[in-house]
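Examining the three-dimensional arrangement
Listed below are the residues making up each chain.
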Amino acid sequence: MADLAVEFAPEAFGSDAGDADAMLDTLHDRSAWPMFTVPLTGGFAIVVHFNSGEEFTTTDYFLTHPDWSQDLVLASDDQDRIGPGLCWPELAAVLEAPLGAAGVTDSHARLLLLLPVLGDAAVPEETVAAVVEALVAQGAPEASEALARRLLQGHPMWGVEEWWFDDDEQSWLCEGDHSPRKVPLGDHLPPQQRAALEACLTPR
C-alpha cells in the first residue's frame, strides 16, 4: 500500500522508519514470498502474493476458487503492469468477511490490503472517511485525510479509470489500458460459477 503514497513518510501510516524497513525486509525476503488470503463468499478468495526476485519485488492479486483450474489475475505491479482490477462497488462488497472464514477477516485490514487493486475515478466522497477509519484502526494518526485521498488516486502504475456496469453481461467493465476488466470478469466460466462470482462481488 505504501507504493501508492511514496511521498508520505512511514509515520503517516503509524509506523517509524525502522519498523517500516523491517517490514519491507520481510516482504522482500526471497526465501519467504509472503502471501495473504482475503476470503470471500461462495468459496472465493483474493490472494495477495509478494514475489521477490533477484532485482525487485512485485505484488500479484489473484481471484481464486477451489473448483477453478486457473486463477484470475486482478492486478500485478510487475513490468507488464496489470490493473486496476476492482471498482469501488466491488471492493465495498467484499469488505465484510464470511462468518467463520480463515485469513484476513478484519474489514479495515481488508480495505487497506486491497486498495492497490482499486482504480475507480468515481468513488463516492464517503469513501475517504472509510479509508481514514481503516488507517486509524491500523495505527495511523487521526488526521489522515490527505493520505486517504492520495491512496484513492490509484496505483501509480495504472491510476484511476472510468467503470460502467454492463446490464447484458451483468459485470463491471473498465477500459483502462492495463486493466484486465475490459472483458466481463469470469466470462470463460460455466454459467453457475459465473453467477456465483457475480454474487460474490455484489453488495448485499
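Just so it is clear, the model here is predicted, and its values are computed rather than measured.

The rules behind each value
Residues numbered from 1 in each chain as written. Predicted model: local features only at pLDDT ≥ 70, side-chain atom pairs only at ≥ 80, totals over all residues. Heavy atoms only, no water. 1 Å grid on protein atoms, 1.4 Å probe; cavity = no way out; pocket = protein on both sides within 12 Å on 5 of 7 lines; lining within 4 Å. Points joined across faces, edges and corners; volume = space filled by probe spheres on them. Helix = DSSP H or I, 4+ residues; strand = E, 2+ residues; numbered from the N terminus. Nonpolar A, V, L, I, M, F, W, Y, C, P; charged D, E, K, R; others polar. Salt bridge = Lys/Arg side-chain N within 4 Å of Asp/Glu carboxyl O. Buried < 20%, exposed > 50% of the residue type's maximum accessible area, 1.4 Å probe, protein only. Arc of directions from axis to C-beta. Contact = heavy atoms within 4.5 Å.

1. A word on the layout of surface pockets
- Put simply, the second largest pocket is a space of about 180 Å³.
- Along its surface, the second largest pocket is lined by 13 residues, and Phe165, Gln170, Ser171, Glu198 and Thr202 are the ones closest to its centre.
- If you list the elements that add at least two residues to the lining of the second largest pocket, you get β6 (171–174) and α6 (191–200).
- Of the residues forming the lining of the second largest pocket, the biggest block, three residues, is contributed by α6.
- In the lining of the second largest pocket, the residues fall into six nonpolar, three polar and four charged.

2. Quick look at the pattern of salt bridges
- Enumeration over the complete set of coordinates arrives at five salt bridges.
- As a salt-bridge pair, Glu145 and Arg149 come within 2.9 Å of each other at their nearest N and O atoms. Of this pair, Glu145 and Arg149 both sit in helix α5 (residues 145–151), four residues apart, roughly one helical turn.
- Across the pair Glu198 and Arg194 runs a salt bridge whose closest N-O atoms are separated by 3.2 Å. Remark: Arg194 and Glu198 occur in helix α6; sequence separation between them is four residues, near one turn of the helix.
- Judged by its relative accessible area of 24%, Glu198 is partly exposed.
- Where salt bridges share partners, they join Glu125, Glu145 and Arg149 into one cluster.

3. A look at α6
- Buried within α6 are the following residues: Arg194, Leu197 and Cys200. Here the buried residues of α6 occupy an arc of 120° about the axis, which is enough to place them on one side. Away from its buried face, by an angle of more than 90 degrees, α6 presents the exposed residues Pro191 and Gln192.
- Each element contacted by the buried residues of α6 is listed here: β3 (57–64), β4 (72–76), α2 (88–93) and β6.

4. Quick look at the environment of Pro66
- Following the sequence through the fold, Pro66 ends up in the loop between β3 and β4.
- For Pro66, a relative accessible area of 67% corresponds to the exposed category.
- Along the chain, Pro66 and Ala45 lie 21 residues apart, while their C-alpha atoms are 9.2 Å from each other.

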